[in-house]
Amino acid sequence: MSNGKLMLIDGNSILNRAFYGIKGSGNELLQTSDGLYTNAIYGFLNIYFKYIEEEKPNYICVAFDMKAPTFRHKDYEGYKGKRKAMPEELAVQVPVIKEVLDAMNVSRIEMEGYEADDIIGSLSLCAEKQGIEVVIITGDRDSLQLVSSMTRVKLPVTRKGKTETEEYDLEAINDKYGIKPPQFIEVKALMGDASDNIPGVPGIGEKTAFELIHSYGDLDNLYENLQNVSKKSVKEKLEQNKELAYMSRHLATIERNIPCNWNMNEFSVKPYNDDMLYNILNRLEFKSFINRLGLKREKEVKLNVNVKRADRESLEELCKNIKNIGFAAFNYVMDKNSGNDDNIKGIAFYIDDLNAVYVELSGNAKNEEYTNAEYTKDGKDAKNAGYSINTEYLHIIKDIFEDTEIKKYGHDIKAFLVYLKRNGINMNGLAFDTMIASYLINPSADKYPLSQIASEYLNIKIDDFDELFG
C-alpha cells in the first residue's frame, strides 16, 4: 500500500519546453506591459496545474540546475560543451518562476555539483524506500532510467500545436523499447547524446545501440562477448572506443545517492500564500491564473481627497506653486448634459495625495460670477448654449498650460485640448495621459475610466465621475 504520492518536477526542463512552446500573437514571446518576458512562466504554470489536478500528489518538489559545474563537467571537460547559452529572454524568467513557487509554498531544490536529474533521481529513490509513489514531470527522456514499480515519468510533448503527455511505467517502456529502465544508460553509452555532448561510440547510432543492448543486456556483457558481434565494422568501433563508451555510461548515469537526509514532510503540499501569489501573478498580468485560483486581492484603499473650491486668490496662489514645482497634474469634469461635447464644467488640480483644488470654469449663464465669452460652436454662442465661461479663471491658468517648462499629466486630455484651443489657449508640455497609457496596455477594452485604472493598477478606489456628476 502506498504511503502517498510525490511529484517531482524538472524545473529547467519544463521551463525550457514552455519557453519554446508558448508564443503570443504574431509568433512573438509573451511579455508584460513593462517588457518582462513571461511565456516560459505561463507555460510552466499551465503544465504544473494540469498535472497537479491529474495526480493530486501529497508531496511536491521542483528541482533546478545551478550554473556551477557538476561532477560530470569535472570528469569530462567537454560535457555539454556544445550547448548554446540560455537565451536572455528565458534567463530573466528563471528567478521569477522561483518567486511564484515560493509564493505557492512549493519546495524547490538546487544543489551545487549536481543537476536537477540527480536531485530527482535521489529524491525518487528516497521516496520509494519509504513506500511513497513517485511521478516525475520532465521534458528529458534521460529520466526514463528512473522508472520502477513505484515511479512513473510523464513527458509533455507538443504535437500539431497541442500539448500532449507521454506516460511511462515499466509496461509502457517494455512495450515501446523492449528494454528495462536502467538499460537506457547502456544505450546512451553506445549512441551518445549530442545535446549533452556525450560522445558515445563514434559511428554507432540509436538503432545499432538498441540492437546491441537487446542482445547483450549491458556494456559489461557486450565487451565480454565482443567476439560474438557479427558485424565487423561495429566490432571494430567498439574495440577502438571502449574507454569512451564507459566514460559515456558514467556521464549518462543519473546520480541516485546524493548524501542528504530528506524528510518527506518538508515536501508536503501546503496552502498558497494568497497575498504574495496574487501580487506576483498580478505583476505578471496573469489574470486567468488569478481567477483560476480564486485569489482575492488586497482590500482596496478608499482615497478620500479634500477638495477645496478655488477663488481668484487661491487660484493665483496655486499657479505660483505649480510654476515652482514644474508640473501640473489635473483632471477635468465634462458637462455631458450641455449638448456640447467639449463643454468643461471645471478642472481639479493636484496639491498632494490628500488635497486638490477645484476650479469651476463654466456654469449657468445667469450666474453673475461669470461673463459671457465670444464662443462659437456649430453656430451657437455660449449664451444660446445655456452656459457661460469664466474667462477670468481661464486667463489665470492660461500661462500654466502654455508654459513649455511645466509638465502636464492628465487623463483623456484630448477633449480638454480642444476646449483650451477654442478659448485661445495652446497647451504645451504634455507629459503623460493615463488613458492613452491604459489603451497601450490593453487596446481591446471598451472604455478606460480613471476609477477603473486606479483600481486595477494602484489598488485605490476613487469615485467615478459619471456617478458623481450625473
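Please read all numbers here as calculations on a predicted model, not as lab measurements.

Let us look at the overall build of the protein chain. The secondary structure content of the protein chain amounts to 21 helices and 18 strands. Relative to its 470 residues, the protein chain shows a buried fraction of 44%. Within the protein chain, counting contacts between residues at least 6 apart in sequence, those at least 24 apart form 65% of the total. Approximately 25100 Å² of the protein chain is accessible, and the part contributed by carbon and sulfur atoms is 48%.

Quick look at the sheet that holds strand E17 (residues 430–433) now. The strands making up a sheet associate through hydrogen bonds between their backbones, and the pairing can be parallel or antiparallel. Taken together, six strands build an open sheet; the order of strands is E8-E11-E10-E9-E16-E17 and the sheet is mixed. Across the chains shown, the open sheet's two edge strands, defined by having one partner strand only, are strand E8 (306–309) and E17. If you compare each strand with its neighbour and ignore which way they point, the axes differ by 30° on average. Looking at chain direction, E8 and strand E11 (residues 355–360) are connected through four bridges and run parallel. Directly across from lysine 308, in E11, lies its bridge partner valine 357. Seen against the sheet, helix H17 (residues 391–402) touches strand E9 (327–334), strand E10 (344–352), E11 and strand E16 (407–410) and runs at an angle of roughly 55° to E10.

Its location among the elements puts threonine 151 in strand E5 (residues 151–159). Classification of threonine 151 by relative accessible area gives buried; the value is 0%. A polar atom in the side chain of threonine 151 sits 2.5 Å from the side chain of glutamate 128. Once residues lying within four places of it in the same chain are set aside, the contact partners of threonine 151 are Ser124, Glu128, Val134, Ile136 and Leu146.

Leu123, Leu190, Leu238, Met264 and Phe267 are the most contacted members of the largest nonpolar core, which has 50 residues in total. Looking at which element gives the most residues to this core, the answer is helix H6 (residues 116–129), with six residues. Discounting residues that sit within four places of it in the chain, leucine 190 has contacts with Gly200, Val201, Ile204, Ala209, Leu212, Ile213, Leu219, Leu222 and Leu238. Ranked by size, the runner-up nonpolar core spans 37 residues in total, among them Phe19, Ile60, Val62 and Val106.

Okay, the layout of surface pockets next. Space inside the second largest pocket adds up to approximately 1300 Å³. Lining the second largest pocket are 35 residues, and of these Leu303, Val305, Asn331, Leu450 and Ile462 lie nearest its centre. Secondary-structure elements contributing two or more residues to the lining of the second largest pocket are E8, E9, E10, E11, E16, helix H20 (450–458) and helix H21 (465–469). The residue inventory of the lining of the second largest pocket, partitioned by class, reads 24 nonpolar, six polar and five charged.

It is worth spelling out H6 at this point. Residue pairs spaced three or four apart in an α-helix point in one direction, given the helix's 3.6 residues per turn. The end-to-end C-alpha distance of H6, which contains 14 residues, comes to 20 Å, matching closely the 20 Å that a straight helix rising 1.5 Å per residue would cover. Glycine 131 sits one or two residues past H6 and shows a positive phi near 75°.

Here the structure, examined in full by the defined rule, presents 20 aromatic pairs. Aromatic side chains phenylalanine 327 and tyrosine 409 sit 6.1 Å apart centroid to centroid with 85° between the ring planes, which places their arrangement in the edge-to-face category. Within this pair, whereas phenylalanine 327 is found in strand E9, its partner tyrosine 409 is found in strand E16, the two being separated by 82 residues in sequence. The class of phenylalanine 327 is partly exposed, set by a relative accessible area of 27%. Between tyrosine 439 and tyrosine 448, the aromatic rings sit 6.2 Å apart at their centres with planes inclined by 80°, giving edge-to-face as the arrangement. The class of tyrosine 439 is partly exposed, set by a relative accessible area of 42%. An aromatic cluster is defined as three or more aromatic residues linked by ring pairs; in this entry it consists of Phe330, Tyr332, Phe349, Phe401, Phe416 and Tyr419.

Here the protein chain averages 85 in pLDDT, and 85% of its residues register 70 or above. Taken together, the stretch residues 364–386 has pLDDT below 50 and engages in 40 contacts with residues farther than four places along the chain or on a different chain.

Let's shift gears to a nonpolar patch on the surface. Nonpolar side chains collect at one region of the surface, where Ile436, Tyr439 and Leu440 lie side by side and expose about 330 Å² of accessible area between them. Tracing the backbone shows leucine 440 in helix H19 (residues 434–441).

This brings us to the packing of helix H15 (residues 312–325) against H17. Where H15 contacts H17, the two axes come as close as 10 Å, and the packing angle between them is 5°. Relative to H17, the element H15 is oriented roughly parallel. Across from Arg312, Leu315, Glu316, Cys319, Ile322 and Lys323 in H15, the residues of H17 making contact are Glu392, Tyr393, Ile396, Ile397, Asp399 and Ile400. Per-class residue counts for the contact of H15 with H17 are seven nonpolar, no polar and five charged.

What follows deals with the environment of arginine 159. Among the structural elements, arginine 159 can be located in strand E5. Excluding its chain neighbours within four sequence positions, the residues that come into contact with arginine 159 are Glu164 and Glu166.

In this section: the environment of valine 92. Locating valine 92 in the fold gives a position in the loop between helix H4 (88–91) and helix H5 (94–103). When the C-alpha positions of valine 92 and leucine 36 are compared, they lie 7.9 Å apart, and in sequence the two are 56 residues distant. Once residues within four sequence positions are removed from consideration, valine 92 is found in contact with Leu36 and Tyr37.

Throughout the structure, instances matching the rule amount to 20 salt bridges. Put simply, lysine 50 and glutamate 54 hold a salt bridge, and the shortest N to O gap is 3.0 Å. Of this pair, lysine 50 and glutamate 54 both sit in helix H2 (residues 39–55), separated by four residues, roughly a single helical turn. Take lysine 50: its relative accessible area is 31%, and that puts it in the partly exposed class. With a shortest N-O distance of 2.7 Å, arginine 141 and glutamate 166 are connected by a salt bridge. Highlighted residues: arginine 141 in the loop between strand E4 (133–137) and E5 and glutamate 166 in strand E6 (residues 162–168), separated in sequence by 25 residues. Here glutamate 166 falls in the buried class, since its relative accessible area comes to 11%. Within this structure, Lys5, Lys50, Glu54, Glu55, Glu133, Arg152, Lys154 and Glu167 form a network of salt bridges that share partners.

The rules behind these values
- Residues numbered from 1 in each chain as written.
- Predicted model: local features only at pLDDT ≥ 70, side-chain atom pairs only at ≥ 80, totals over all residues.
- Heavy atoms only, no water.
- Helix = DSSP H or I, 4+ residues; strand = E, 2+ residues; numbered from the N terminus.
- Buried < 20%, exposed > 50% of the residue type's maximum accessible area, 1.4 Å probe, protein only.
- Contact = heavy atoms within 4.5 Å.
- Areas by Shrake-Rupley, 256 points an atom, 1.4 Å probe, with all protein chains shown as cover.
- Pairing = 2+ DSSP bridges.
- Axes fitted to C-alpha atoms, helices over the stretch in contact; angles between N-to-C directions.
- Polar contact = N/O pair within 3.5 Å; in protein donor to acceptor, adjacent residues only side chain to side chain.
- Core = buried A, V, L, I, M, F, W, Y, C linked by side-chain atoms within 4.5 Å.
- 1 Å grid on protein atoms, 1.4 Å probe; cavity = no way out; pocket = protein on both sides within 12 Å on 5 of 7 lines; lining within 4 Å.
- Points joined across faces, edges and corners; volume = space filled by probe spheres on them.
- Nonpolar A, V, L, I, M, F, W, Y, C, P; charged D, E, K, R; others polar.
- Expected span 1.5 Å × (residues − 1).
- Phe/Tyr/Trp six-rings, centres within 6.5 Å; stacked < 30°, edge-to-face > 60°.
- pLDDT = per-residue confidence, 0-100.
- Patch = residues over 30% accessible without salt bridge, like charges linked within 9 Å, V, L, I, M, F, W, Y side chains within 5 Å.
- Salt bridge = Lys/Arg side-chain N within 4 Å of Asp/Glu carboxyl O.
- Parallel < 35°, antiparallel > 145°, perpendicular 65-115°, else oblique.

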